[in-house]
There are 4 protein chains.
Amino acid sequence: MSNMDLTVEQLGPARFDSPLLARLGRQAGPMDFVDDRRRLCWNMYTDGAPRETDLSFEQAGPRRQIYFDPPHARAAIVTCGGLCPGLNDVIRALVMSLHYWYGIGEVLGVPYGYQGLAAGAQPAPYPLRAQDVEDVHQRGGTILGSSRGAPPVEEMVDTLVRLNVNILFCIGGDGTLRGAHAIDIEARRRGLKIAVAGIPKTIDNDIELVYRSFGFQTAVEEACKVLDCAHVEAKGARGGVGLVKLMGRDSGFIAAHGTLASGDVNYCLVPEVPFALEGEHGLLEQLRARLRARKHAVIAVAEGAGAALPGAGDRRDASGNVLHPDVGLFLKEAIERAFAGWGEEVHIKYFDPSYTIRSVSANANDSIFCSDLARCAANAAMAGRTGLMIGQWHGVFTHVPLAAIAGLRRRIDPQGKLWRAVQAATGQPDLIN
Amino acid sequence: MSNMDLTVEQLGPARFDSPLLARLGRQAGPMDFVDDRRRLCWNMYTDGAPRETDLSFEQAGPRRQIYFDPPHARAAIVTCGGLCPGLNDVIRALVMSLHYWYGIGEVLGVPYGYQGLAAGAQPAPYPLRAQDVEDVHQRGGTILGSSRGAPPVEEMVDTLVRLNVNILFCIGGDGTLRGAHAIDIEARRRGLKIAVAGIPKTIDNDIELVYRSFGFQTAVEEACKVLDCAHVEAKGARGGVGLVKLMGRDSGFIAAHGTLASGDVNYCLVPEVPFALEGEHGLLEQLRARLRARKHAVIAVAEGAGAALPGAGDRRDASGNVLHPDVGLFLKEAIERAFAGWGEEVHIKYFDPSYTIRSVSANANDSIFCSDLARCAANAAMAGRTGLMIGQWHGVFTHVPLAAIAGLRRRIDPQGKLWRAVQAATGQPDLIN
Amino acid sequence: MSNMDLTVEQLGPARFDSPLLARLGRQAGPMDFVDDRRRLCWNMYTDGAPRETDLSFEQAGPRRQIYFDPPHARAAIVTCGGLCPGLNDVIRALVMSLHYWYGIGEVLGVPYGYQGLAAGAQPAPYPLRAQDVEDVHQRGGTILGSSRGAPPVEEMVDTLVRLNVNILFCIGGDGTLRGAHAIDIEARRRGLKIAVAGIPKTIDNDIELVYRSFGFQTAVEEACKVLDCAHVEAKGARGGVGLVKLMGRDSGFIAAHGTLASGDVNYCLVPEVPFALEGEHGLLEQLRARLRARKHAVIAVAEGAGAALPGAGDRRDASGNVLHPDVGLFLKEAIERAFAGWGEEVHIKYFDPSYTIRSVSANANDSIFCSDLARCAANAAMAGRTGLMIGQWHGVFTHVPLAAIAGLRRRIDPQGKLWRAVQAATGQPDLIN
Amino acid sequence: MSNMDLTVEQLGPARFDSPLLARLGRQAGPMDFVDDRRRLCWNMYTDGAPRETDLSFEQAGPRRQIYFDPPHARAAIVTCGGLCPGLNDVIRALVMSLHYWYGIGEVLGVPYGYQGLAAGAQPAPYPLRAQDVEDVHQRGGTILGSSRGAPPVEEMVDTLVRLNVNILFCIGGDGTLRGAHAIDIEARRRGLKIAVAGIPKTIDNDIELVYRSFGFQTAVEEACKVLDCAHVEAKGARGGVGLVKLMGRDSGFIAAHGTLASGDVNYCLVPEVPFALEGEHGLLEQLRARLRARKHAVIAVAEGAGAALPGAGDRRDASGNVLHPDVGLFLKEAIERAFAGWGEEVHIKYFDPSYTIRSVSANANDSIFCSDLARCAANAAMAGRTGLMIGQWHGVFTHVPLAAIAGLRRRIDPQGKLWRAVQAATGQPDLIN
């Protein structure tokens, strides 16, 4: 990472006093505004040896001087991709802080994701007032609606220009942030003074430079409830197996944390750690031994686990694309086939709770976290930062240039603390021959 | 129903004072014991006209004189079939009341359903003490384990004889109660003085003469949470459809009650009410119109709904048995195919929460209900009743002969109050051409 | 009860076809409307002997012919007294069924209880549309607000006349129903054709002729959570006592049901069963013995329990009214004083969760129950019934004249099934010397 | 802080290979063990200027070489002070990791806090096996029991010697950690090779150098539920005020975070921010204005708030100690008195949920956090560290010498980010004249 560039773009010099200055009045203290020079070190460790890198992040937070004149500024908010607990909390906090803290001219909600920025999108973006969002944090999902994909970037920038939007907040995952980056580049190319700020959304918690993503803790909480049910089902039958597929296409954080919190999982399968089905050390023989000894088992499998297994990824559609099969059903069938072959009893109860997990409302802690993220994004954009997302490094909110995260993914380190804890909690061996 | 025989078998004349008499001492009052002659009328209505039937039920409850001598009696408990919230509450209350109220000699737990009564079953039935079950109501599932099917009835009765079991409590659904009936008949045939009492378990609430089955309210509660998630998912996309498959092979009570409680369901599909997919009034065109107008929809479908649809039930296995396809997946594919044909947008989020719903612990009200059922069963068996199950008629616990319920199923009346309420809550039209 | 008059008043002969007839069209069946002659027997038991009474209730439900012409009718809804889970469900279902089933002209919401019917009440009653109440069942409390007490009955009837209200729905407890009765009498006296229908609200479940009151099951559910916390706290200290005060001024149903559902309560104290503090069999000595043996204890006390204890009810206010002291704090102090005197260790953790219990939203089952009650009330009033409340007898909804319930209270029978179950669950002795 | 000494004591040179080495075998990688020289910087910021301090923490985690020979080592665990969500998770993870990771000889549970280390304590410390703690994380409280205060330190060390305890884990708050420090000093004085490791427990989140304390997030979650009820109650009456007292004697973190998460609080009162009752800007007049305008209000008050108010802290007991009055009741009475004086309507619903909040089981995220803390403590003690507690700095677990934290308390900074967010969320003005 040592040659990564963490410089965040700035639309121009700050020109206006922050309205917070007037609002705070005599109360204003040194903690109320973040100095632009203040940065957070990438490397926080010392061992006497010279530092590996001098990388540092710009710290997020309100600036004393800002770029946009609030009463003449107009912001728009768009939510993209799959649902995630906390989306409404982010929307609410953006609207509240733009209206109440900054006294912004108007905030628009863009319906149904980037599709709402298409030329003739129906319904069109519409104003969001504070009272419209007052109670939305009590509901899961996104009041704006969402979608996947996007119109051409030129068309979206045209729409922003047509709507006089000065600030665009993009809430979404990897693809959404790439889209935000493209919009930012196009706006720069045209010389437009539009700030584009991303709020990373990934229920899988797999965005690099983001210490923790919103909704993740809520998702783990919900996953645990299902793992508990799986445990009950497993114990309810001789040869009972509770098999739970959890989100995580490229990284297994939800499966791993769910495993740690539940305490009842016997096998945790994640994309980062290959495993064999067949053979002495493969999952099937291990499971067979466990069912003989203990009569039941619980398996948590991330949806992207086992991609390398023979038979798991070899189906292709008409265009030759690899079809991502449902790893949970794949495992279910493989286990049932193996036990049938051995003439031994197995009863698999299969759980696929993904839509339930992602559509609940955020828990209290995630809710607060979402508000913090949103306020940081509002502060950054009002101060003229653009082409950035709000990251979190060791508990401190940061400005991260969208350019820096392209193609990076956080993944579980199979030799790291988290995976070792999972191994200890499950007692599972290496499922490799 | 007017020619139904509701006479419950009795092993012989009651010979012992109930231990409750001594326990209550001077406190004992007229309400403490139920008179054997007291019966509950089947027909509780009057309209001046002569009564349709004089059918009546034996009322459940403790008897002043009982048949078994508690310190020399041994009971066994078996749980069969799928999980259902409250199983552990029933087990707990049986063990508690047999030990504390009656001072019974011993209570055995039969592991893994009727299979635990096979000749050489491993593990074998084992004693259940009060302290073993103290906290089990806080967990879902059954501490005894369960299974489907049963060894030959002669073998099971042999086991009961070998274990000196005087009383057998069978907790389970339709098949389990038929099994209990067979055991009772075999025991009678051999002249054995074994009381067999059933506690009906049907998460679908579909046992006739049982006004409400345990776990049902808890199941509806859980179903509602999922319907709420489905609503959130549906609203999160243009053309969003939340499709929730709920339990109910022959009757759609969970789907109907869940629909009423959630308030967000637009189409409730149950086995009792046929519906068309195709055609002007079929589900597909209706859904199309709704998505155009309202952009989203929620569908609750009981697993046995739509059996008459072309394509839904026409697959057969090697032996020619109709394969029950997953109606949820069937609908999902049919809807996606239709909308693809129309070139209109639809995003179906499919929920299959059955295992989650049935494995949670009972809510407070179900928990109390389970205890009541269990105590009634204990009272009946100690008094020498056999070949019966505990029913509930208009809120009163009754003794129902197992012979009486053979082949009866409670189902939703498409012209009755419940279905009218569902129609009103969803606004759904008749989906029939 | 045998000389009770259960005849419900009727404003006049039904004059209009129910709009349901047209709505159902060809679907309409014999179950869709209740025949006015159909009645539910008070006594449902038979034992060969002649029936004790021939009392019977009018069955609730939609009538084929109704009294009011829906498009020209105007209804008003008022909620009074303390909060109770399900109030918003009742309001929602009233508004929905009046608008969608009956196509009523207008429904008014009366703000802040009967006070909203005062001459110059601010805010004044305002129209409730279907969309205003769509989501209110997801929130506790009442969207209308509530209050205690009432303006003079003449003033309230004046207001109803001024607002052209034809139907008044009063949701509330004992006092509220007495108020509804007074309004009905005054309206009759003036010859007004106003129907007054009550929906009984009593979180304590203590209204006679009402088998179960809405919100009660939810309240027991919440009470159980607190009893569980009390158990945890009690076990956390040597001499730990978890003391939970629950609602129940005149009857201890919540305490009793909570005790049964939790399984962890050692002493359940209710108004119906006197107990001594002092003396060998008094609570203090019994608790002392238990703490020596088991180190901890859980006590559930209904707020009206122990009124006869010396010192508990002897404080009077300036007007000479008995001051109801907080029985929980009274017990806490008495226990601490006694143990201090004995020099023995006791740590009392006192819980007073009443406001939390009553302000949660209704659970699924209560929610459905509320809708049923509301629809029955709408049906009754549209059919011209007045001066009645919706009761429930053995699971069937009934019309009960308000005159019949004056002064009646349901209470726990100390020799009945419920109290015996509590005694069995707690193992508590008679706390009487 | 710059002159703080963060050096952690070490019983002696590490002498044994960690059993993890053998367990991991070829899998062992560079991340598996923490190098003793690796330290975490106190100051993580850079702004070009020289660093304010070079303070750094020892990083927690497993060491390659350890001090104790596991099969010959014996550990003891003690939990002290008030309950806190997660205590059982900590106990469980300590027992699990000591047994399964380290293969320790024996782990003792000390009953009822430090009192269990008294000379003749009954019950005496007893062995804790892995199977004893398997499910305890599903229950709130502490399976060991707790107490306040402690026997003389010499007596406790005598007990440790008598029981051959090599490692003592003390889980508790400020006082408990001071006790641990005293035990460590006494053990050092006697030349005993006993490691004493603290795990800080403070539901208030107010221990300095501990970024986040276990159970805090769970507590906020529970507090939010009560704030939501208070909001419902407040809106249910004209002049309705929901007043919620939350934990926080010296710092108001729970009240502040609860306020942020709920979104419904209008006044948040904490110990760190003084407020006036009387006067134009005092709480009473502000509340009066709000009730006139908005009819209802929600107040969250930390138990230590308002200590400087006239009348709040002026009661003293017989020994002259200031009696901490219940600030909630104090406010309730003050508000009622003021509104009575003004002749204006107010209905205060008072909530005191402290025991409920602290006795629930930990949520998933806290549960994982507790396991991490426990494993760090086990690693530290096995490696021979003593006189330390496990801290957390910017998300990294650290070793903090007990000597360093004496007398330090984390408190809300009235000019910091958290309090500004509370001000924004509530809209509350400075309540100071």
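These numbers were taken from a predicted model, which means no experiment stands behind them.

Our next topic: the relation of the copies chain C and chain D. When chain C is brought onto chain D, the operation consists of a screw motion whose angular component is 180° and whose axial shift is 0.0 Å, with 0.0 Å RMSD remaining. The symmetry that links the two subunits is that of a two-fold axis. Comparing interface residues between copies, 100% of those in chain C also lie at the interface in chain D; the contact surface is shared.

At the interface, 29 residues of chain C touch 29 residues of chain D. Both faces considered, chain C and chain D share a buried interface measuring about 2400 Å² in area, 52% of it formed by carbon and sulfur atoms. Ranking the residues of chain C by area buried against chain D places Tyr112(C), Arg238(C) and Tyr355(C) at the top, with a combined share of 24%. One can count 4 salt bridges joining chain C with chain D. Its salt-bridge partner being Arg358(D), residue Glu233(C) comes within 2.6 Å of it at the nearest N-O pair. Counting across the interface, chain C meets chain D through 10 residue pairs in polar contact (both at pLDDT 80 or more). When contributions to the side of chain C that touches chain D are tallied by element, the ones reaching two or more residues are helix H6 (216-235), strand S15 (347-351) and helix H10 (354-359) of chain C. With 6 residues, the top contributor of residues to the side of chain C that touches chain D is H6(C). Here the side of chain C that touches chain D is composed, by residue class, of 11 nonpolar, 10 polar and 8 charged.

Let us now look at the packing of helix H8 (residues 283-294) of chain D against helix H9 (residues 327-342) of chain D. Residues and elements named next belong to chain D. The interhelical angle for the contact between H8 and H9, taken along N-to-C directions, is 60°, at an axis separation of 11 Å. In the crossing of H8 with H9, the sense of the turn from one axis to the other is right-handed. For the pair H8 and H9, the contacting residues are Leu 283, Leu 284, Glu 285, Leu 287, Arg 288 and Leu 291 in the first and Leu 331, Ala 334, Ile 335, Ala 338, Phe 339 and Trp 342 in the second. When grouped by side-chain class, the residues that make up the contact of H8 with H9 number 10 nonpolar, no polar and 2 charged.

Turning next to the pattern of salt bridges. Counting across every chain of the model gives 117 salt bridges over all chains. Put simply, Asp250(A) and Arg409(A) hold a salt bridge, and the shortest N to O gap is 2.6 Å. Of this pair, Asp250(A) sits in the loop between strand S12 (240-246) and helix H7 (253-262) while Arg409(A) sits in the loop between helix H12 (402-405) and helix H13 (417-426), and the two are 159 residues apart along the sequence. Asp250(A) sits in the partly exposed class, given a relative accessible area of 32%. Classification of Arg409(A) by relative accessible area gives partly exposed; the value is 29%. Across the pair Glu303(D) and Arg249(D) runs a salt bridge, and its minimum N-O distance is 3.7 Å. One end of the pair, Glu303(D), is in the loop between strand S14 (296-302) and H9; the other, Arg249(D), is in the loop between strand S12 (240-246) and helix H7 (253-262), and 54 residues separate them in sequence. Judged by its relative accessible area of 45%, Arg249(D) falls in the partly exposed class. Three or more residues joined by partner-sharing salt bridges are found here, namely Asp174(A), Arg178(A), Asp206(A), Asp250(A) and Arg409(A).

A separate point is the sheet that holds strand S7 (residues 74-79) of chain A. Backbone hydrogen bonds are what pair the strands of a sheet, in a parallel or an antiparallel way. Strand order in the open sheet made by the 10 strands is S9(A)-S8(A)-S7(A)-S10(A)-S11(A)-S17(A)-S18(A)-S5(A)-S3(A)-S4(D), with mixed pairing throughout. Unpaired on one side and paired on the other, strand S9 (126-127) of chain A together with strand S4 (45-46) of chain D mark the two borders of the sheet. As judged from the 2 bridges shared by strand S3 (residues 39-41) of chain A and S4(D), these two strands associate in the antiparallel manner. From the neighbouring strand, Arg39(A) faces S4(D), where its bridge partner is Thr46(D).

The rules behind these values
- Residues numbered from 1 in each chain as written.
- Chains lettered and ligands numbered in written order.
- Predicted model: local features only at pLDDT ≥ 70, side-chain atom pairs only at ≥ 80, totals over all residues.
- Heavy atoms only, no water.
- Least-squares fit on C-alpha atoms with pLDDT ≥ 70 in both.
- Contact = heavy atoms within 4.5 Å.
- Buried area = accessible area lost by both parts, 1.4 Å probe.
- Salt bridge = Lys/Arg side-chain N within 4 Å of Asp/Glu carboxyl O.
- Polar contact = N/O pair within 3.5 Å; in protein donor to acceptor, adjacent residues only side chain to side chain.
- Helix = DSSP H or I, 4+ residues; strand = E, 2+ residues; numbered from the N terminus.
- Nonpolar A, V, L, I, M, F, W, Y, C, P; charged D, E, K, R; others polar.
- Axes fitted to C-alpha atoms, helices over the stretch in contact; angles between N-to-C directions.
- Left-handed = near helix turned anticlockwise from the far one by under 90°.
- Buried < 20%, exposed > 50% of the residue type's maximum accessible area, 1.4 Å probe, protein only.
- Pairing = 2+ DSSP bridges.

The analysis is restricted to geometry; functional conclusions fall outside its scope.
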